[in-house]
Each structure stands twice: as structure tokens, then as C-alpha cells.
Amino acid sequence: MTAGLIDGKAVAARVRAALKDDVSAFIARTGVQPGLATVLVGGDPASEVYVANKRKSTVASGMADLHQHLPEDASQAEVESLLRRLAADPQVSGILLQLPVPAQLNAAPLIDLIPFEKDVDGLTTLSVGRLAQQKPGLRPCTPAGVIELLDAYDVPIEGANVVVIGRSELVGRPVAQLLVNRNATVTIAHSRTRNLAEVCRAADIVVAAVGVKGLITAEHIKPGATVIDVGIHRGPEGLSGDVDFGPAAEVAGLITPVPGGVGPMTIAMLLVNTLRAAELQYELAGAAATA
Ligand code: NAD
């Protein structure tokens with residue numbers, strides 16, 4: 001292996017340590033303890049593990065765990081009424097509706113009930129628009145984590161040629177938007193892209209968010225390029241990514257491993273977003289009081 005390793009675990013630990021200090025300072029300054037309301041509908045085992053992790057990390061950062069659990073057969077109206085209550089509750093800084101929701105529910109209108117200043121996942125229509133217009137707001141956690149990793153390793157973004165592979169609302173589109181906002185020249189490749197390897201070989205930075213195990217390999221990478229692997233695949237041999245790590249690491253300059261790359265950044269950025277949500281609400285309340 002010739003590439004340097006981007007250590008997401010170490011970066012996430014630094015982000016979380018700094019955040020803990022920032023939370024203490026915010027509480028001392030405002031008297032407000034930021035709080036995160038995770039909302040879990042039903043008992044999907046993977047979702048239960050994810051939510052438990054988010055709750056534990058919230059408390060470890062000095063913020064309040066305001067978790068809400070609804071039964072598997074909850075109706076659209078019941079989830080709506082809970083989200084409306086959380087939206088209006090000043091104790092609640094951030095709201096996270098854990099996805100996927102059970103089949104009887106329509107997720108999109110539920111997500112859009114979360115006010116932009118509490119939208120710690122950054123997935124509401126308003127948050128997506130505010131990102132596109134570069135207005136203050138909360139950015140999706142995994143894409144924000146990708147930017148944080150590039151910055152942590154001083155990878156130049158401005159003017160860089162970046163190829164993002166994947167155009168999902170969760171990862172591909174927002175990470176491309178964040179990179180454009182940082183003045184990168186961004187190409188979004190997807191399932192209909194012709195000559196994917198050739199397109200990728202023009203990139204100084206490749207961000208793989210494809211959901212296809214090991215699709216990106218040495219032939220996709222320009223020598224010395226930075227490779228960020230967002231993919232997560234569970235197999236008998238453990239976790240792996242969208243990048244065929246061994247061959248890719250022979251060509252890349254810097255590369256994220258899976259596990260230990262982008263993965264740990266997602267919860268770290270959720271915690272950052274929860275504090276940022278509390279700050280946004282404090283600013284908005286101050287602006288309303290002086291208006
Ligand atoms: P998705 O399935 O919603 O989107 C995949 C995208 O890849 C699509 O836009 C599609 O056009 C494109 N694509 C599919 N096959 C392709 C091909 N052969 N060539 C080029 N493009 C192709 O997936 P997603 O939600 O964006 O997630 C992508 C990956 O990232 C998954 O492995 C997921 O598990 C992982 N993920 C990780 C984290 C994390 O915290 N690290 C968070 C979210 C998602």
C-alpha cells in the first residue's frame with residue numbers, strides 16, 4: 001500500500017472532544033442544555049442499534065437525550081402529532097426521525113414537519129433548499145463528515161476536480177453541493193454514466209457513495225488522488241466499502257478505510273448539528289425578541 005490512511009476514528013474523536021467543550025460553553029453562556037429527540041417508530045433491530053448509539057453519544061457530549069418511541073402500528077396522524085409537539089417544544093433542539101419507517105407510513109411529509117432549525121439530519125425540503133442557496137442551516141451528517149475529513153487532512157477543495165459517484169438525496173447530491181459551495185469543480189456520476197473509470201480518473205478527489213461493494217478500483221483512480229469511501233457493506237469477512245481497498249490504495253495518495261473512515265464521522269456530525277440547532281434557535285429567539 002502506498003496511499004496514506006485517512007483515520008476517521010481519530011478525526012471523529014477530535015470533533016467529539018471539541019464539541020463537548022463547545023456544549024459546556026453554550027450551556028454556561030445561555031443556560032440552555034441542547035437536547036436531541038430521536039424518534040423511532042417500531043422495533044427494526046438495526047434501527048434500534050443506531051438509535052441507541054445516537055442517544056448514548058448525545059449524553060456523552062453533555063446534551064439531553066429526549067428519545068421518543070412509537071409502536072410499530074403507529075398511524076401517520078400519530079407520528080405527525082408527535083413531530084408537531086417536538087417542533088413546538090423549546091426543550092427540543094434537534095429532531096431525528098429514524099428511517100426507514102414502517103410500511104404504512106409515508107416518510108416524506110413526516111420529515112417535512114421538522115422545522116429547518118431542528119433538522120439535524122438536514123433532509124427536509126427546506127434544509128435542502130437552504131444548502132443549495134448557501135443559507136444558514138443544518139447539513140446532512142455523512143456529507144458534512146466527508147468535508148470534515150478532507151479538511152482534517154488539508155486536502156485542497158477549492159478548484160479541485162471532484163467526482164462524486166452516486167446521486168442519492170442522503171449522500172451523493174448533498175456532498176456534491178457542499179463541494180460546489182467550497183469552489184470545487186464537481187462531476188456527479190451515477191448508474192447511467194458512460195465510461196465511469198475514465199470520468200473518475202480525471203478527479204483529484206473521488207467520493208464513492210454507490211452502494212455497490214468494491215466497484216471502484218485502481219483503474220478509477222488517478223495516481224495520487226484522494227479517495228473517500230462512503231459505502232458500507234456487511235459480509236462474512238466484516239465491513240467493506242464501495243472501493244476495492246487493496247488495489248485502490250496502491251494508486252491513491254490518501255484513502256479512507258472501511259471501517260474506520262467515513263462511518264465514525266456520521267454520528268460526530270449529528271452531535272455537531274444538535275449543538276448548531278440549539279445555537280440557531282437561540283439566535284432566532286433573540287432576533288424575534290429584538291424585532
Ligand atoms: P443509494 O442506493 O440511495 O444511491 C446509490 C447511487 O449510486 C445512486 O444514485 C445510483 O445512481 C448510483 N449507482 C448505483 N450503481 C452504480 C454504478 N454501477 N455506477 C455508478 N453509479 C451507480 O445509496 P446511498 O444511500 O447514497 O448510500 C451509498 C452507500 O453509502 C451505501 O453503501 C450505504 O450503505 C452507504 N452509506 C454510508 C453512510 C455512513 O455513515 N458511512 C451513510 C449513508 C450511506
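None of these values were measured; they are calculated from a predicted model. Every chain is numbered independently, its residues counted from 1 as its sequence is written. Given that this is a predicted model, residues contribute local features only at a pLDDT of at least 70 and side-chain atom pairs are listed and counted only at 80 or more, while totals for whole chains, interfaces and linings are drawn from all residues. Excluded from the side-chain calculations are hydrogens and water; all other atoms, namely the structure's heavy atoms, are used.

## Things to note about the overall build of the protein chain
Check the secondary structure of the protein chain and you find 10 helices and 12 strands. Within these notes, the globule rule equals 2.2 Å times the number of residues to the 0.38 power, and the radius of gyration is based on C-alpha atoms. By the compact-globule yardstick of 19 Å for 291 residues, the protein chain fits well, its C-alpha radius of gyration being 19 Å. If you line up the protein chain on its principal axes, its C-alpha atoms span 55 × 40 × 30 Å. Taken over 291 residues, the protein chain has a buried fraction of 47%. Contact definition: two residues touch when any of their heavy atoms are within 4.5 Å. When contacts within the protein chain are restricted to residue pairs at least 6 apart in sequence, those whose partners lie at least 24 apart make up 71%. Taken as a whole, the protein chain presents about 13,400 Å² of accessible surface, with 54% of it coming from carbon and sulfur. Computed over 24 positive and 30 negative side-chain charges, the separation of the two mean positions in the protein chain equals 2 Å. Think of it this way: any DSSP run of H or I at least four residues long counts as a helix, any run of E at least two long counts as a strand, and we number them from the N terminus. Relative accessibility under 20% of the residue-type maximum defines a buried residue, over 50% an exposed one, and the middle range a partly exposed one, all with a 1.4 Å probe and only protein chains included. Residue exposure ignores everything except the shown protein chains as possible cover, and the areas themselves are Shrake-Rupley values with a 1.4 Å probe. Just so you know, the count uses Lys and Arg for positive and Asp and Glu for negative, and it drops His and the chain ends. For the purpose of locating charges, the reference atoms are NZ of Lys, CZ of Arg, CG of Asp and CD of Glu.

## Focus: helix 2 (residues 45-60)
The terminal C-alpha atoms of helix 2, which comprises 16 residues, lie 23 Å apart, in line with the 22 Å expected from a rise of 1.5 Å per residue. Every buried residue belonging to helix 2 is among Ser 47, Val 51, Lys 54, Ser 57 and Thr 58, and all of these are buried. Buried residues of helix 2, seen end-on, are gathered within an arc of 130 degrees and therefore sit on one face of the element. Within helix 2, the exposed residues directed more than 90 degrees away from the buried face are Pro 45, Val 49 and Lys 56. Those residues of helix 2 that are buried are in contact with helix 1 (8-30), strand 2 (35-41), strand 3 (64-65), strand 5 (94-97) and helix 10 (263-290). Positive phi shows up at Gly 62, right after helix 2, with a value of about 90 degrees. Under the convention used throughout, the expected extent of a helix is 1.5 Å for every residue step, that is, one less than its residue count. In this context, the arc is that of the directions from the helix axis out to the C-beta atoms.

## Things to note about the pattern of salt bridges
Salt bridges are counted wherever a side-chain nitrogen of Lys or Arg sits within 4 Å of a carboxyl oxygen of Asp or Glu. Under the counting rule described, the total for this entry stands at 7 salt bridges. For the salt bridge of Asp 65 with Arg 55, the shortest nitrogen-to-oxygen distance reads 2.9 Å. Residue Asp 65 is found in strand 3, and its partner Arg 55 is found in helix 2; the two are separated by 10 residues along the sequence. By relative accessible area, which is 29% here, Asp 65 ends up partly exposed. Owing to a relative accessible area of 30%, Arg 55 belongs among the partly exposed residues under this scheme.

## Observations regarding the layout of surface pockets
Considering only enclosed or pocket space, the largest pocket measures out at about 1,300 Å³ in volume. Only protein atoms enter the calculation, which uses a 1 Å grid: trapped sets of points that fit a 1.4 Å probe without letting it out are cavities, open sets showing protein on both sides within 12 Å along at least five of seven lines are pockets, and any residue with an atom within 4 Å of a point is a lining residue. Lining the largest pocket we find 45 residues, and of these Tyr 50, Thr 142, Ile 232, Gly 263 and Thr 266 sit closest to its centre. Elements with a contribution of two residues or more to the lining of the largest pocket: helix 1, helix 2, strand 5, helix 6 (141-152), strand 10 (233-235) and helix 10. When residues in the lining of the largest pocket are grouped by element, the largest group, 6 residues, is from helix 2. In terms of domain composition, the lining of the largest pocket takes at least three residues from each of domain 1 (31-115) and domain 2 (141-264). Grid points are joined across faces, edges and corners, and a volume is the space filled by probe spheres set on the points. Each domain's extent was defined by an automatic or database domain assignment.

## Here's the deal with the environment of Ala 268
Its location among the elements puts Ala 268 in helix 10. Separated by 15 residues in the primary sequence, Ala 268 and Glu 283 place their C-alpha atoms 23 Å from one another. When sequence neighbours within four positions are dropped, the list of residues in contact with Ala 268 reads Ala 12, Val 15 and Arg 16.

## Looking at the sheet that holds strand 8 (residues 205-208)
Strands are labelled as partners when DSSP assigns at least two bridges between them. If you trace the 6 strands from one edge of the open sheet to the other, you get 1-12-9-8-6-7, paired in parallel fashion. The open sheet is flanked by strand 1 (4-5) and strand 7 (185-189), the only strands paired with a single partner. Axis definition: a line fitted to C-alpha atoms, limited for helices to the stretch in contact. Angles are taken between N-to-C directions and run from 0 to 180 degrees. Helix 7 (residues 172-181) rests against strand 6 (161-165), strand 7 and strand 8 of the sheet, and its axis sits at about 170 degrees to strand 6.

## Considering the UniProt feature "domain: Tetrahydrofolate dehydrogenase/cyclohydrolase NAD(P)-binding" (unreviewed entry) in the protein chain
UniProt positions are given in the numbering used here, feature names are shortened, and annotations may be inferred rather than shown by experiment. Cross-referencing UniProt, the feature "domain: Tetrahydrofolate dehydrogenase/cyclohydrolase NAD(P)-binding" (unreviewed entry) maps to residues 140-281 in the present numbering. With 37% helix and 18% strand, the stretch residues 140-281 has end C-alpha atoms that lie 18 Å from each other.

## Side note on the domain arrangement of the protein chain
Segmentation of the protein chain into domains returns domain 1 (31-115) and domain 2 (141-264). Its C-alpha centre places domain 1 at a distance of 30 Å from the equivalent point of domain 2.

## Structural notes on unusual backbone geometry
Residue Pro 100 follows Leu 99 across a cis peptide bond; omega there is 0 degrees. Omega for the bond connecting Val 258 with Pro 259 falls within 30 degrees of zero, at 0 degrees, which places this linkage in the cis form. Among the structural elements, Pro 259 can be located in the loop between strand 12 (254-255) and helix 10. One non-glycine residue, Asp 154, lies in the positive phi region at around 55 degrees.

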